[in-house]
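As a plain string of letters, each chain reads:
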Amino acid sequence: MKKGCLIAIAAALGLIIIIILLAFALTRGAVKSAENFLGLIGSVKIAAAYESASATLKSQQTLESFTQSVKDLGLTDFASASWSSRETKNDRAHLEGSVKTRAGGTIPLNMDLVKESGTWKVIYLSAPQSGVAVSQGGKQLPTDEKSKTLILDSLLDFNKAIQDRRFDSFHAKISRAWQEQITADKLKEVFQQFIDKKLDISSIKTVDPVLSEPPQINSDGLLVLKGYYPTHPLKVNFQLKYIYEHPAWKLFGIQVNVNE
């Protein structure tokens, strides 16, 4: 093999090693938080683990349902963890690997963390092969009828806010998690164009919505309902996001537009 090729291979290997080391450095904080979290569960300090989790996870689950979930996953027997994949993007981290139990077993595990006030906190964990997700906490996708009710209630509440020219009542009905991120005045500012155009979508009460894709729970644990109302002369298009705040789905985001 020529000397030039050997040098190129060595340089490539050196670059790969640097990338791996950089990935480990960037994810070190998230890995430490994840393993501390698992360690608390393994020490049967489940309430402490729950309190250390992200606000989103705690808004989706009660301590009781969280406790049952981690027991179902077998995490109360946690001994150690190893990660085959670890990455960060902005304020989110994703870890994939497995947990070793004190009994000598292995549990495949995926974990997502979010940085809150400078600290990595667990937002989601699942055992892929078992199909059990802690962030689901027993949540189920709503039926078609329930989805339609959620959509109609949310859009009529939104429409009332437009007609009243104020979003105080609408703001009071959305999820706690969204309330923490936005004020009623800010909502009014965001949708001021609807108020100025005197938009009224109350005609949706007499028409069934058409879902453009099946209800789904996205990677953030949010229920996404997307579709339109075939009203005339204007069709009402929507995309709504909901977060589970025990015991119900609560609105966490709304997009609405109308066209012919």
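A brief look at the structure comes next.

### Thoughts on the overall build of the protein
- Helix and strand counts for the protein stand at 9 helices and 10 strands.
- The burial tally for the protein puts 40% of its 260 residues in the buried class.
- Considering only residue pairs separated by 6 or more positions, the protein has 48% of its internal contacts joining residues 24 or more positions apart.
- With the model as given, the accessible surface of the protein reaches about 14,300 Å², and the carbon-plus-sulfur share is 53%.

### Points about the environment of Leu240
- Its place among the elements puts Leu240 in strand β9 (residues 235-245).
- With relative accessibility at 0%, the residue Leu240 sits in the buried group.
- Between the C-alpha atoms of Leu240 and Val256, which are 16 residues apart in sequence, the distance is 8.5 Å.

### Focus: the side chain of Asn159
- Assignment of secondary structure puts Asn159 in helix α5 (residues 144-164).
- Given a relative accessible area of 6%, Asn159 falls into the buried group.
- In this structure the side chain of Asn159 is engaged in a polar contact, spanning 2.8 Å, whose partner is the backbone nitrogen of Ile201.
- If sequence neighbours within four positions are ignored, Asn159 has contacts with Leu199, Asp200, Ile201 and Ser202.

### Details of helix α4 (residues 63-73)
- Among the residues of α4, those classed as buried are Phe66, Thr67, Ser69, Val70 and Leu73. Buried residues along α4 cover an arc of 165° about the axis, so they all sit on one side. Set apart from the buried face of α4 by more than 90 degrees, the exposed residues are Glu64 and Asp72.
- Once α4 finishes, Gly74 follows within two positions and takes phi at roughly 85°, a positive value.

### Overview of the nonpolar core
- If you look at the biggest cluster of nonpolar residues, it comprises 35 residues, and the most contacted ones within it are Leu155, Phe158, Phe167, Phe170, Trp178 and Ile254.
- Secondary-structure elements contributing two or more residues to this core are α5, α7 (176-179), α8 (184-190), α9 (192-196), β8 (223-229), β9 and β10 (248-259).
- Each residue touching Phe167, except ones within four places of it in the same chain, is listed here: Phe158, Ala161, Ile162, Ala184, Leu187, Lys188, Phe191 and Ile195.

### Quick notes on the environment of Thr183
- Structurally, the position occupied by Thr183 is in the loop between α7 and α8.
- Linking Thr183 and His171, residues 12 residues apart in sequence, is a C-alpha distance of 7.3 Å.
- Engagement of the side chain of Thr183 in a polar contact is seen with the backbone nitrogen of Lys186, the distance being 3.0 Å.

### Quick notes on the pattern of salt bridges
- Considering all chains together, one arrives at 6 salt bridges under this definition.
- With its nearest N and O atoms 4.0 Å apart, the salt bridge here joins Lys58 to Glu51.
- Residue class for Lys58 comes out partly exposed when judged on its relative accessible area of 27%.
- Taking the shortest distance from any N to any O, the salt bridge between Asp77 and Arg102 comes out at 3.4 Å. Within this pair, whereas Asp77 is found in the loop between α4 and β1 (78-89), its partner Arg102 is found in the loop between β2 (92-101) and β3 (106-116), the two being separated by 25 residues in sequence.

### Examining the packing of aromatic side chains
- Considering all chains together, one arrives at 10 aromatic pairs under this definition.
- Between the aromatic rings of Phe158 and Phe170, the centroid separation amounts to 6.2 Å while the plane-to-plane angle is 70°, which identifies the pairing as edge-to-face. Taken together, the positions of Phe158 in helix α5 and Phe170 in helix α6 (residues 168-173) put the pair 12 residues apart, joining distant regions of the chain. Comparing Phe158 with Phe170, the two get one shared label, buried.
- Here a set of aromatic residues connected by ring pairs shows up, and it is made of Phe158, Phe167, Phe170, Phe191 and Phe194.
- A cation over a ring is seen here: Lys235 above Tyr228, with NZ or CZ 4.6 Å from the ring centre.

Thresholds, definitions, all that
Here the residue index of a chain counts from 1 through its sequence in written order. Owing to the predicted nature of the model, reporting of local features is limited to residues with pLDDT of at least 70; listing and counting of side-chain atom pairs is limited to 80 or more, with chain, interface and lining totals taken over all residues. Think of the side-chain values as coming from all heavy atoms in the structure, minus any hydrogens and water. Secondary structure elements follow DSSP: runs of H or I of four or more residues count as helices, runs of E of two or more count as strands, with numbering from the N terminus. Throughout, exposure labels follow a simple rule: accessible area from a 1.4 Å probe, protein chains only, divided by the maximum for the residue type, with under 20% read as buried, over 50% as exposed, and the rest as partly exposed. Contacts are assigned to residue pairs with any non-hydrogen atoms lying within 4.5 Å of each other. Using a 1.4 Å probe, the Shrake-Rupley method yields the accessible areas, and only the shown protein chains count as cover for residues. Whenever a nitrogen or oxygen atom comes within 3.5 Å of another N or O atom, the pair is scored as a polar contact, on the condition that within protein one atom can donate a hydrogen and the other can accept it, and that pairs from neighbouring residues in sequence are kept only if both atoms are in side chains. This arc is taken over the directions from the axis of the helix to the C-beta atoms. Only buried Ala, Val, Leu, Ile, Met, Phe, Trp, Tyr and Cys residues count toward a nonpolar core, and they belong to the same one when joined by side-chain atoms within 4.5 Å. Each reported salt bridge corresponds to a side-chain nitrogen of Lys or Arg within 4 Å of a carboxyl oxygen of Asp or Glu. Only centres within 6.5 Å qualify two rings of Phe, Tyr or Trp (six-membered ring in Trp) as a pair; their planes then separate them into stacked at under 30 degrees, edge-to-face at over 60, and tilted for everything else. Lysine NZ or arginine CZ positioned within 6 Å of the ring centre and within 35 degrees of the ring normal marks a charge as sitting over the ring.

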